[in-house]
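Fold and geometry: a report
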Amino acid sequence: MWPTTPPESLHVHRLASRYLIPAALVMLAYGLAMVATFALLMPLQLKVLPEYANHASLLFLPHGVRVLTAWLYRWRSVILLLPASLAGHVYLDGFDFALSELLASLAGVVCAVMVFEALLRLGVDLYPAKGKRVHWLELALVGGLASIINGIGTALFYGNDLTTASARFLGDVTGVVASLFLLVVFVRFAERLARA
């Protein structure tokens, strides 16, 4: 007679496929985006535009990872992004950061999924589904709206001026567009490899 409950290994497989593997991929993508932004792009930006020297990247790739993660995983994205966001703070500031920085980080983690869910409640479902195409401009719009929510949360906890808030908004939107472009390049490259 067959057991009525799945074996323990099936539970582990479900846990891994639902949370652990996506969390590792999100952590990797977010980590690469943070390093690319702050180790490669920010030094260049500081040479060209030194007035934006306060962590306000004009091409903030991690926001693209936030939007894509929220698009793919809905509310699970909060669980997936939280460790990556905290690791990003540790990367930038070490382990010495205030509670206000953690709360500002939480605004960044939830901002994109809040926009997707608000649009869904308004009858605009941008989540992926089989046979459904979502235009990259729609995801860029979500990124812009999410950046506004993130900007409000960041301003509450950091008290940003208009120049910093504008730079963060621009960086978030360009980060989403750049992340979408990189995703398209990666998918096309993977498709070519699969055909070869």
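Everything numeric in this text was worked out from a predicted model, so none of it was measured.

Before going further, it helps to spend a moment on the overall build of the protein. Regarding its fold elements, the protein presents six helices and zero strands. Going residue by residue from the N terminus, the α and β elements of the protein occur as α-α-α-α-α-α. Once the C-alpha set of the protein is aligned to its principal axes, its extents read approximately 70 × 40 × 40 Å. Partitioning the contacts of the protein with sequence separation of at least 6, the portion at a separation of at least 24 is 72%. As displayed, the protein offers around 11,900 Å² of accessible surface, 71% of which is attributable to carbon and sulfur atoms. Of note, the protein has its 14 positive side-chain charges centred 14 Å away from the centre of its 11 negative side-chain charges.

This part takes up the confidence of the model for the protein. Per-residue confidence for the protein gives a mean pLDDT of 88; residues scoring 70 or more make up 92%. When pLDDT is averaged over each element of the protein, helix 2 (residues 61-73) comes out on top at 96 and helix 1 (residues 8-48) at the bottom at 87.

Here we take up the side chain of T154. In this structure, T154 sits in helix 5 (residues 136-158). Not counting residues up to four positions away in its chain, the partners in contact with T154 are A104, G159, N160 and R168.

Tracing the sequence through the fold places S105 in helix 4 (residues 99-121). S105 sits in the buried class, given a relative accessible area of 5%. Taking the C-alpha atoms as reference, S105 lies 8.5 Å from G153; in sequence the two are 48 residues apart. Ignoring sequence-local partners within four residues, the contact set of S105 consists of S85 and H89.

This next bit is on the packing of helix 3 (residues 76-93) against helix 4. Between helix 3 and helix 4, the shortest axis-to-axis distance is 9 Å and the interhelical angle comes to 140°. Put simply, helix 3 runs oblique to helix 4. The element helix 3 and its partner helix 4 pack so that their crossing is right-handed. Contacts from S77, V78, L81, L82, S85, L86, H89 and D93 in helix 3 reach E101, L102, S105, L106, V109, V110 and V113 in helix 4. Split into classes, the residues belonging to the contact of helix 3 with helix 4 amount to nine nonpolar, four polar and two charged.

Under the definition given, this model contains two aromatic pairs. With centroids separated by 6.1 Å and ring planes inclined at 70°, the aromatic side chains of F38 and F60 adopt a geometry described as edge-to-face. Taken as a pair, F38 in helix 1 and F60 in the loop between helix 1 and helix 2 lie far apart in primary sequence, 22 residues in all. Judged by relative accessible area, F38 falls into the buried class, the value being 14%.

Cut-offs used in this document
Residues numbered from 1 in each chain as written. Predicted model: local features only at pLDDT ≥ 70, side-chain atom pairs only at ≥ 80, totals over all residues. Heavy atoms only, no water. Helix = DSSP H or I, 4+ residues; strand = E, 2+ residues; numbered from the N terminus. Contact = heavy atoms within 4.5 Å. Areas by Shrake-Rupley, 256 points an atom, 1.4 Å probe, with all protein chains shown as cover. Lys, Arg positive; Asp, Glu negative; His and termini not counted. Charge placed at Lys NZ, Arg CZ, Asp CG, Glu CD. pLDDT = per-residue confidence, 0-100. Buried < 20%, exposed > 50% of the residue type's maximum accessible area, 1.4 Å probe, protein only. Axes fitted to C-alpha atoms, helices over the stretch in contact; angles between N-to-C directions. Parallel < 35°, antiparallel > 145°, perpendicular 65-115°, else oblique. Left-handed = near helix turned anticlockwise from the far one by under 90°. Nonpolar A, V, L, I, M, F, W, Y, C, P; charged D, E, K, R; others polar. Phe/Tyr/Trp six-rings, centres within 6.5 Å; stacked < 30°, edge-to-face > 60°.

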